[in-house]
Amino acid sequence: MDKHSISSSDPELVSSVYGEFDSRFEAAEQYHLRTPALSVVKQTLREEIGDDIAAELDEVLAHAEEISNSNEYLSIVEIMLILAARNEVLLYDVSKWGEDTGIASKATFSRAKSALEDAGLIETEKVPLDIGRPRLRLIATDELATADLKTLSTEIRSPL
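Residues numbered from 1 in each chain as written. Predicted model: local features only at pLDDT ≥ 70, side-chain atom pairs only at ≥ 80, totals over all residues. Heavy atoms only, no water.

Trainee: Is there a simple way to think about the overall build of the chain in this case?
Mentor: Within the chain, the secondary structure is distributed over nine helices and two strands. In the chain, the succession of α and β elements from N to C terminus is α-α-α-α-α-α-α-β-β-α-α. Counting every position in the chain, which comprises 160 residues, the buried fraction comes to 33%. Considering only residue pairs separated by 6 or more positions, the chain has 58% of its internal contacts joining residues 24 or more positions apart. Here the chain displays about 10,800 Å² of accessible surface, and carbon together with sulfur accounts for 49% of that area. (Helix = DSSP H or I, 4+ residues; strand = E, 2+ residues; numbered from the N terminus. Buried < 20%, exposed > 50% of the residue type's maximum accessible area, 1.4 Å probe, protein only. Contact = heavy atoms within 4.5 Å. Areas by Shrake-Rupley, 256 points an atom, 1.4 Å probe, with all protein chains shown as cover.)

So, in structure tokens, the structure goes:
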């Protein structure tokens, strides 16, 4: 593929090129990315789910390059469910947060929860409500509870 570039010390040319591309940028249509901004993910997680799970996500993200270099990395949904289980968060709360934030649908969280449960990584317990169906609290198994967040993906294989 041909790459074109220009180099100039002529101030008029530099100004003209910047002006042209600034105006094109301003005139362009907005494009909405499906993936939410990391700042939004972190802020809403902290506000809606809690500081502990947000701190654990920060630790996982600090080692994201190492994690992504492993052969079978965990999906963001699996990671969020694992962190939720380590912090005994309700499935409803984390899946609603994930859907509202734009990470994935509640159904995707539910399927990933079932796969993690089938793999013996998380357990659930019913939490009764005054009205309606009980909610499920996610609970980490011993293996998951003691897994090092820095090497999470190399210690825990994706069941999906």
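Trainee: Would you take a moment to explain the nonpolar core for this structure?
Mentor: Side chains of nonpolar character tend, in soluble globular proteins, to be buried together. Residues Leu81 and Val94 are the most contacted members of the largest nonpolar core, which totals 34 residues. When contributions to this core are tallied by element, the ones reaching two or more residues are helix H2 (38–48), helix H3 (51–62), helix H5 (76–86), helix H6 (91–101), helix H7 (106–118) and strand E2 (135–140). Ranked by the residues each element gives to this core, the list is headed by H5, at eight residues. Setting aside chain neighbours within four positions, we find Val94 in contact with Ile49, Met80, Leu81, Ala84, Val89, Phe109 and Leu138. (Core = buried A, V, L, I, M, F, W, Y, C linked by side-chain atoms within 4.5 Å.)

Trainee: For this particular structure, what's the right way to read the side chain of Thr101?
Mentor: Position of Thr101 relative to the elements: it lies in helix H6. Once residues within four sequence positions are removed from consideration, Thr101 is found in contact with Pro36, Val40, Val41 and Thr44.

Trainee: I would appreciate a short explanation of the packing of aromatic side chains in the present structure.
Mentor: Describing an aromatic ring pair means giving the distance of the ring centres and the angle of the ring planes. Throughout the structure, instances matching the rule amount to zero aromatic pairs. Taking NZ or CZ as reference, Arg135 lies 3.7 Å from the ring centre of Tyr92, over its face. (Phe/Tyr/Trp six-rings, centres within 6.5 Å; stacked < 30°, edge-to-face > 60°. Lys NZ or Arg CZ within 6 Å of the ring centre and 35° of its normal.)

Trainee: Teacher, can you tell me more about unusual backbone geometry here?
Mentor: Although it is not a glycine, Glu88 adopts a positive phi angle of roughly 50 degrees. Position of Glu88 among the secondary structure elements: in the loop between H5 and H6.

Trainee: I'm lost on the confidence of the model for the chain in this one. Help?
Mentor: Do not read the fine detail of predicted coordinates wherever pLDDT is low. Overall, the predicted model of the chain reaches an average pLDDT of 86, with 88% of residues at or above 70. Of all secondary-structure elements in the chain, the lowest mean pLDDT belongs to helix H4 (residues 64–68), at 62, while H6 reaches the highest, 96. (pLDDT = per-residue confidence, 0-100.)

Trainee: Even after reading the chapter, I still don't get the layout of surface pockets, so can you show me in this structure?
Mentor: Over the atoms rolls a probe the size of a water molecule, and its path tells where empty space is left. Taken as a whole, the second largest pocket encloses approximately 280 Å³ of empty space. Around the second largest pocket, the lining residues are Leu91, Tyr92, Ser95, Lys106, Ala107, Phe109, Ser110, Lys126, Arg133, Pro134, Arg135 and Leu136. Tallying contributions element by element places H7 first for the lining of the second largest pocket, with four residues. For the lining of the second largest pocket, the class distribution of residues is six nonpolar, two polar and four charged. (1 Å grid on protein atoms, 1.4 Å probe; cavity = no way out; pocket = protein on both sides within 12 Å on 5 of 7 lines; lining within 4 Å. Points joined across faces, edges and corners; volume = space filled by probe spheres on them. Nonpolar A, V, L, I, M, F, W, Y, C, P; charged D, E, K, R; others polar.)

Trainee: What exactly am I supposed to notice about the pattern of salt bridges here?
Mentor: A side chain with one charge may pair with a side chain of the opposite charge, provided their charged atoms come close. Per the stated rule, a full pass over the model turns up eight salt bridges. Its salt-bridge partner being Lys42, residue Asp58 comes within 3.4 Å of it at the nearest N-O pair. Of this pair, Asp58 sits in helix H3 while Lys42 sits in helix H2, and the two are 16 residues apart along the sequence. The class of Asp58 is partly exposed, set by a relative accessible area of 28%. Several salt bridges share partner residues, and in doing so they unite Lys42, Arg46, Asp51 and Asp58 into one network. (Salt bridge = Lys/Arg side-chain N within 4 Å of Asp/Glu carboxyl O.)

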